[in-house]
Amino acid sequence: MIRVNPNYSKLQASYLFSTIARKVSEFQAGNPDKDIIKLGIGDVTHGLPPACIDAMHKAVDEMAVDGTFRGYGPEQGYDFLREAIAQRDFASRGVDIAAEEVFVSDGAKCDSGNIQELFAQDARIAVPDPVYPVYVDTNVMAGRTGEWQDGRYSGLVYLESTEDNHYVPGLPSEPVDLIYLCFPNNPTGATVTHDELKTWVDYARANKALILFDAAYEAFIRDDSLPHSIYEVEGAKEVAVEFRSFSKTAGFTGTRCAYTIVPHACRVFDGSGNAQELHALWNRRHTTKFNGVSYPVQRAAEAVFSADGQAQITALNDGYLRNAAHIREQVSALGYSFAGGENSPYIWIKTGEDSWDFFDRLLNEAAVVTTPGAGFGACGQGYIRISAFNDFAKVEEAMQRIAGVLGK
Ligand code: PLP
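How each quantity is defined
Residues numbered from 1 in each chain as written. Predicted model: local features only at pLDDT ≥ 70, side-chain atom pairs only at ≥ 80, totals over all residues. Heavy atoms only, no water. Helix = DSSP H or I, 4+ residues; strand = E, 2+ residues; numbered from the N terminus. Rg over C-alpha atoms; globule rule 2.2 N^0.38 Å. Buried < 20%, exposed > 50% of the residue type's maximum accessible area, 1.4 Å probe, protein only. Contact = heavy atoms within 4.5 Å. Areas by Shrake-Rupley, 256 points an atom, 1.4 Å probe, with all protein chains shown as cover. Near = heavy atom within 4 Å. Polar contact = N/O pair within 3.5 Å; in protein donor to acceptor, adjacent residues only side chain to side chain. Nonpolar A, V, L, I, M, F, W, Y, C, P; charged D, E, K, R; others polar. Pairing = 2+ DSSP bridges. Core = buried A, V, L, I, M, F, W, Y, C linked by side-chain atoms within 4.5 Å. Domains from an automatic or database assignment.

### Thoughts on the overall build of the protein chain
Helices and strands together make up the secondary structure of the protein chain, namely 12 helices and 17 strands. For the protein chain, whose C-alpha radius of gyration is 21 Å, the value lies close to the compact-globule estimate of 22 Å for 408 residues. Seen along its three principal axes, the alpha-carbon backbone of the protein chain occupies a region of about 60 × 55 × 55 Å. In the protein chain, buried positions account for 53% of the 408 residues. Pairs at least 24 apart in sequence give 73% of the contacts found in the protein chain among residues at least 6 apart. Per element, the accessible surface of the protein chain, about 17400 Å² overall, is 49% carbon and sulfur.

Written as structure tokens, this is what we have:
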């Protein structure tokens, strides 16, 4: 008899974005003439940078000819891309990451979800609250939690990110082995300073813990004082893995290319407390279960680092940040307190009422889709997230409609 993994029954049935999609389609069915503006799911809306498209076209042509055709590539990514990443994303900021420590993949979602399988079943896991749900759900699937009780899974340590700590959680009060951090944060839009990050790195070093640092929104950082990578903190290479993605950086959400940094110095421990290189374990997993990102997509990703590519992604993301600034101004004028939107495409708004009620009000009365904060964790109750991924004109109109509803 083939039995299912019992851990799957612990998962919460309705995934946040499917519930939103159902509510939106119900509203649209009842109001077919309403033009709904979507500022909910964090998907980009603009076309790929021309430099990436040119590179992809060229690579597609190469694939048509026997002499330049490529079959299976290296699972970890082509050297041309790994080297460009090491040079342009790290060496340029004074961080020494070798090309060999870069693992190219088809998404930060898969990587941040898959990496937990390298760790012991009884690893004590700390997750932020509110949180990008992938970190939690993949540990539930793996059986590292108990049941869902009162809006949380037993057995996880929740790192509360609240207005009081400016959405940067403090150290846990009980021992943990694996710590998920994400900055600029989804969903709060909060950023982390070098000193705050150092507190976590020092904790991990002192407690033989590991930090999984998700920097999927790094490209939105404009404040020069903020770290772009956890490896800007001394000693972090021993205790941190970093996830990056071209999804939000360069509009690759549908094209799919990301990468994970696992430094050789990064250590984990066997049952006797002996240190091992995490790099070797991730390399083993990656080469066993993944067969590489397609050649044209890796060439498109490489083009992000060209002079044209850099200018184009800066303009692209400046556009989204301009939307974010407009949302911030309007929300502020309406008298709501909020976080994010300055070095991040997300604005996290304190609603003063139930998240889903507020979401329903904006959908039903303004025909604007946001994301209820409660869907990201208990600490998200009373908040909504507005995403800046859309055209400026749409964002302007959405904010006018929202002001019409909330300003009453
Ligand atoms: N990490 C965070 C924090 C995200 O918000 C997202 C997407 O929304 C991802 C990772 C997924 O990135 P990718 O498209 O590379 O899978």
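### Focus on the site of the ligand
Taken together, 15 residues surround the ligand, and among them N186, D214, Y217, S245 and S247 come closest. Contacts to the ligand include S247, whose side-chain N or O atom sits 2.6 Å from an oxygen atom. In the complex, 91% of the free accessible area of the ligand, which totals 400 Å², lies under the protein chains. Within the residue set of the shell around the ligand, elements represented by two or more residues are α4 (108–114) and α7 (246–250). In the shell around the ligand, the residues fall into 7 nonpolar, 4 polar and 4 charged.

### Side note on the sheet that holds strand β14 (residues 346–350)
Spatial strand order, β13-β14-β17-β16: 4 strands in an open sheet with antiparallel pairing. Each edge of the sheet is formed by a strand with only one pairing partner; in this case those strands are β13 (338–340) and β16 (371–372). In terms of strand pairing, β14 meets strand β17 (residues 383–387) through 5 bridges, oriented antiparallel. What sits directly across from Y346, in β17, is S387.

### With respect to the nonpolar core
Considering soluble globular proteins, one finds that nonpolar side chains tend to be buried as a cluster. One finds I179, I211, F246 and F252 to be the most contacted residues of the largest nonpolar core, which totals 69 residues. Both domains that meet at this core, namely domain 1 (6–47 + 308–406) and domain 2 (72–306), each give it at least three residues. Once residues lying within four places of it in the same chain are set aside, the contact partners of I179 are A126, L159, W200, Y203, A209, L210, I211 and L212. One finds F103, A108, I115 and F243 within the second-largest nonpolar core, a separate group that totals 30 residues.

### Let's talk about the side chain of N139
Looking at the secondary structure, you find N139 in helix α5 (residues 133–141). Engagement of the side chain of N139 in a polar contact is seen with the side chain of Y180, the distance being 2.9 Å. Setting aside chain neighbours within four positions, we find N139 in contact with Q116, I125, R144, T145 and Y180.

### Observations concerning the side chain of H228
Counting through the fold element by element, H228 comes out in the loop between β8 (210–214) and β9 (240–245). Within the structure, the side chain of H228 is placed 3.4 Å from the side chain of R93, a separation counted as a polar contact. Sequence-distant contacts of H228, that is, excluding residues within four places in its chain, are made with R93, A215, E218, I221, E242 and R244.

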